Amino acid sequence: MHVQMKENARFVQPIIDPDVLLGIDYHNIPGGFTHYIAVEVSAGHPVPDCMESLNIPERWYARHTHERGEDITSTYEMISDRIRECGYRPLKEENMEVYDQLPIKLELYKIDMIGSEDPEFEILIPIESGSNEGKAEID
């Protein structure tokens, strides 16, 4: 899918950073997740009919670089632990059923890493203060 989006990105112009593809995961399905592959364009920019437009609002994010050779499961476990140690929690959108400790994940891939079996990429997890009352904790 990432290779196909890399090829189709030429139909979405102008791209803000043509060297980056975004992977966006919503863990809203039991045993799975909804995955989007995206490029960033200016707000309100039209997209081809065969694509969807997503709005990713400004938020606070925990950021980590997943290095080549690292185990991705261990990386995500470390990020989850570190977020909580710092007094935050992963953002859970209202009315969203969640099935993962990190319900929303953004991954930023450099175009030249697409197709690599062991890519390096940036991970961003939307976070909120852990002191908010009335919000459900993720077990």
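Residues numbered from 1 in each chain as written. Predicted model: local features only at pLDDT ≥ 70, side-chain atom pairs only at ≥ 80, totals over all residues. Heavy atoms only, no water.

> Please clarify how the pairing of strand S2 (residues 32-38) should be interpreted in this entry.
When a strand is regular, its side chains alternate between the sheet's two faces. Looking at chain direction, strand S1 (residues 20-29) and S2 are connected through six bridges and run antiparallel. Counterpart to Leu22 in the pairing with S2 is Ala38. The antiparallel hairpin formed by S1 and S2 contains two residues in its connecting segment, where Gly31 sits at a positive phi of about 75°. (Pairing = 2+ DSSP bridges. Helix = DSSP H or I, 4+ residues; strand = E, 2+ residues; numbered from the N terminus.)

> Looking at this structure, how should I read the pattern of salt bridges?
Two side chains carrying opposite charge are able to pair once their charged atoms lie near each other. Within this structure, the stated rule accounts for five salt bridges. One salt bridge in this structure joins Arg59 and Glu93, with 3.3 Å as the shortest N-O distance. Pair noted here: Arg59 is in the loop between S2 and strand S3 (60-66) and Glu93 is in the loop between strand S4 (88-90) and strand S5 (104-110), with a separation of 34 residues, a long-range link. Taking the relative accessible area as the measure of exposure, Glu93 reaches 26% and is therefore partly exposed. Here Arg82 and Glu85 are joined by a salt bridge, their closest N and O atoms 3.5 Å apart. Residue Arg82 and its partner Glu85 are both found in helix H2 (residues 72-85); the two are separated by three residues, about one turn of the helix. Judged by relative accessible area, which is 47%, Arg82 ranks as partly exposed. (Salt bridge = Lys/Arg side-chain N within 4 Å of Asp/Glu carboxyl O. Buried < 20%, exposed > 50% of the residue type's maximum accessible area, 1.4 Å probe, protein only.)

> Is there a simple way to explain the packing of aromatic side chains in this structure?
What characterises a pair of aromatic rings is the spacing of the ring centres plus the angle enclosed by the ring planes. For the structure on display, the rule yields two aromatic pairs. Where Tyr26 meets Tyr36, the ring centres are 6.1 Å apart and the plane angle is 90°; that geometry is what we call edge-to-face. Of this pair, Tyr26 sits in strand S1 while Tyr36 sits in strand S2, placing them ten residues apart in sequence. With a relative accessible area of 17%, Tyr26 lands in the buried category. We note Lys105 situated over the ring of Tyr76; from NZ or CZ to the ring centre the distance is 4.3 Å. (Phe/Tyr/Trp six-rings, centres within 6.5 Å; stacked < 30°, edge-to-face > 60°. Lys NZ or Arg CZ within 6 Å of the ring centre and 35° of its normal.)

> Mind showing me how you'd approach the nonpolar core here?
When a protein is soluble and globular, its nonpolar side chains tend to lie buried together. Grouped together as the largest cluster of nonpolar side chains are 18 residues, with contacts concentrated most on Leu21, Tyr76, Ile79, Ile83, Leu102, Ile123 and Ile125. At the level of secondary structure, the elements contributing two or more residues to this core comprise H2 and strand S6 (121-129). Per element, the largest residue contribution to this core is four residues, and it comes from S6. Filtering out sequence-adjacent residues up to four positions away, Ile123 remains in contact with Ala62, Arg63, His64, His66, Ile72, Thr75, Tyr76, Ile79 and Leu106. Tyr26, Ala38, Met96 and Ile104 belong to the second largest nonpolar core, which has eight residues in total. (Core = buried A, V, L, I, M, F, W, Y, C linked by side-chain atoms within 4.5 Å. Contact = heavy atoms within 4.5 Å.)

Limitation: the analysis is restricted to geometry and does not speak to function.
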